[in-house]
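What the coordinates show
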Amino acid sequence: MTKETEDRVAQHYGQAGLEGRILDALAASGKDLDRLAADDLSPVDDFHTGGREATASLAEEAGFAAGQHLLDIGCGIGGPSRFFAGRGCRVTGIDLTADYVRLAEALSRRVGLGTMVSYRQASAVALPFERGTFDGAYMIHVGMNIEDKPALFAGVHRSLKPGGTFAIFDIMRTGDGALSYPVPWAATPATSFLARPADYRRGLEAAGFEIVKERDRREFALRFFAEVMARTAEAGGPPPLGTHLLMKDRAAEKLGNAVAGIEDGVIAPTEIVCRAMPSA
Ligand SMILES: C[S@@+](CC[C@H](N)C(=O)[O-])C[C@H]1O[C@@H](n2cnc3c(N)ncnc32)[C@H](O)[C@@H]1O
């Protein structure tokens, strides 16, 4: 993955002034900015299919426990990290997008979780951690932007303690048809690196993981998006606080293209939970 591709990915997501827009939307939703709770942020800070419900479901599948130190790969503005911190885990998040890393820090401090989480700007294919640092790791809707999955999986395996769980929830390719762009993770195919579940499984096994379970979340996703669209139509537009704030321009088109891809069977949000086998 070249530096140029990584810069393009970070530009796709980066957004100056996002904190102000989120705080304005929170105020417009009736929230007291001096007494914000982490859950108040959930409509905007779980930037993936299924939002908070999907994060909670992945947590259950992964079985992460209070007291564990988790690595969040591609942490975004920090929603999943605050979710796990709220359940007693210590979380270290890394992300390519500097604006997101700063905002993740600011939002976590604001909701009183600053001591449970820490963030740094880094690439998922060059993880800057000592061998065996983490009890567990997770990656939510990030792999679509990463071409070099062997390097990603090898780095995660090295950063985990032997036996550590790695939980993935990514959009994966499930059919041969064409996908229309833009989508929420990429403006064009140049920064979209969709892989099939079988490719993930092969790559994970080659890096030293044992596959524990896999779950196709297509039906869950279609129900989730149908509900979002019904609510939006009824209200005559999106609510003030939502992930459309993160999608910048052409948000409805990006989401519409992703939903069409899921409906057509070209892509599907998919979970894979695996375990790091001890290195030979
Ligand atoms: C769709 S967002 C998901 C954010 C977060 N995981 C969540 O679910 O709310 C994708 C995130 O992956 C990050 N990302 C993409 N490629 C990356 C890479 N190579 N290394 C680190 N982060 C990356 C982006 O900057 C962005 O924050």
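Read on for a plain summary of the structure. (Residues numbered from 1 in each chain as written. Predicted model: local features only at pLDDT ≥ 70, side-chain atom pairs only at ≥ 80, totals over all residues.)

1. Quick notes on the site of the ligand
As a structural note, the neighbourhood of the ligand is formed by 26 residues, with Phe 47, Gly 74, Gly 76, Thr 97 and Ala 124 the closest of them. Contributions of two or more residues to the shell around the ligand are made by α1 (3-13), α5 (79-86) and β2 (90-95). When grouped by side-chain class, the residues that make up the shell around the ligand number 15 nonpolar, 8 polar and 3 charged. (Near = placed C-beta within 6 Å. Helix = DSSP H or I, 4+ residues; strand = E, 2+ residues; numbered from the N terminus. Nonpolar A, V, L, I, M, F, W, Y, C, P; charged D, E, K, R; others polar.)

2. Remarks on unusual backbone geometry
Residue Pro 182 follows Tyr 181 across a cis peptide bond; omega there is 5 degrees. Here Pro 182 shows up in the loop between β5 (160-173) and α8 (197-206). Phi angles above zero are rare outside glycine, and His 141 is one such case at about 55 degrees. You can see His 141 is positioned in the loop between β4 (134-140) and α7 (149-159). You will see that Arg 250, though not glycine, has its phi angle at about 55 degrees, which is positive. Assignment of secondary structure puts Arg 250 in the loop between α10 (244-247) and α11 (251-263).

3. Here we look at the sheet that holds strand β3 (residues 117-121)
Strand order in the open sheet formed by 7 strands is β3-β2-β1-β4-β5-β7-β6, with mixed pairing between adjacent strands. Either end of the sheet is taken by a strand with one partner, and the two such strands are β3 and β6 (209-216). Here the average twist between neighbouring strands, direction ignored, is 15 degrees. In this sheet, β4 lies alongside strand β1 (residues 69-73) in parallel orientation, the contact comprising 4 bridges. Its bridge partner lying in β4, Leu 71 is registered against Ala 137. Of the strands in this sheet, β2 and β3 touch helix α6 (residues 98-110), which is tilted by about 165 degrees from β3. (Pairing = 2+ DSSP bridges. Axes fitted to C-alpha atoms, helices over the stretch in contact; angles between N-to-C directions. Contact = placed C-beta atoms within 7 Å.)

4. Considering the pairing of β5
Counted residue by residue, β5 has 11 buried out of 14 residues, so it is predominantly covered. Across 6 bridges, the pairing between β4 and β5 is parallel. Within β5, the residue paired with Ala 137 across the bridge is Phe 166. Pairing of β5 with strand β7 (residues 267-276) involves 9 bridges; the strand directions are antiparallel. Looking at the pairing, Phe 169 lines up with Glu 271 of β7. (Buried ≥ 20, exposed ≤ 12 C-beta atoms within 10 Å, placed from the backbone.)

5. Points about the pairing of β7
Within β7, 9 of the 10 residues are buried, leaving the element largely enclosed by the surrounding structure. As paired strands, β6 and β7 are joined by 7 bridges and run antiparallel to one another. Bridging across to β7, Asp 216 finds its partner in Thr 270.

6. Re α6
The end-to-end C-alpha distance of α6 is 18 Å, a good match for the 18 Å that 13 residues give at a rise of 1.5 Å each. Packing partners of the buried residues in α6 comprise α1, α2 (18-28), α3 (42-45), α5, β2 and β3. Where α6 terminates, the next one or two residues include Gly 112, which has phi positive at roughly 80 degrees. (Expected span 1.5 Å × (residues − 1).)

7. Here's the deal with the packing of α7 against α8
Two elements in contact, α7 and α8, have axes whose closest approach is 9 Å; the angle formed by their N-to-C orientations is 45 degrees. Judged on the interaxial angle alone, α8 and α7 are oblique. The two elements α7 and α8 cross, and the hand of that crossing is right-handed. Only Gly 203, Leu 204 and Ala 206 of α8 make contact with α7, whose side of the interface consists of Lys 149, Pro 150 and Phe 153. The class makeup of the residues in the contact of α7 with α8 is 4 nonpolar, 1 polar and 1 charged. (Parallel < 35°, antiparallel > 145°, perpendicular 65-115°, else oblique. Left-handed = near helix turned anticlockwise from the far one by under 90°.)

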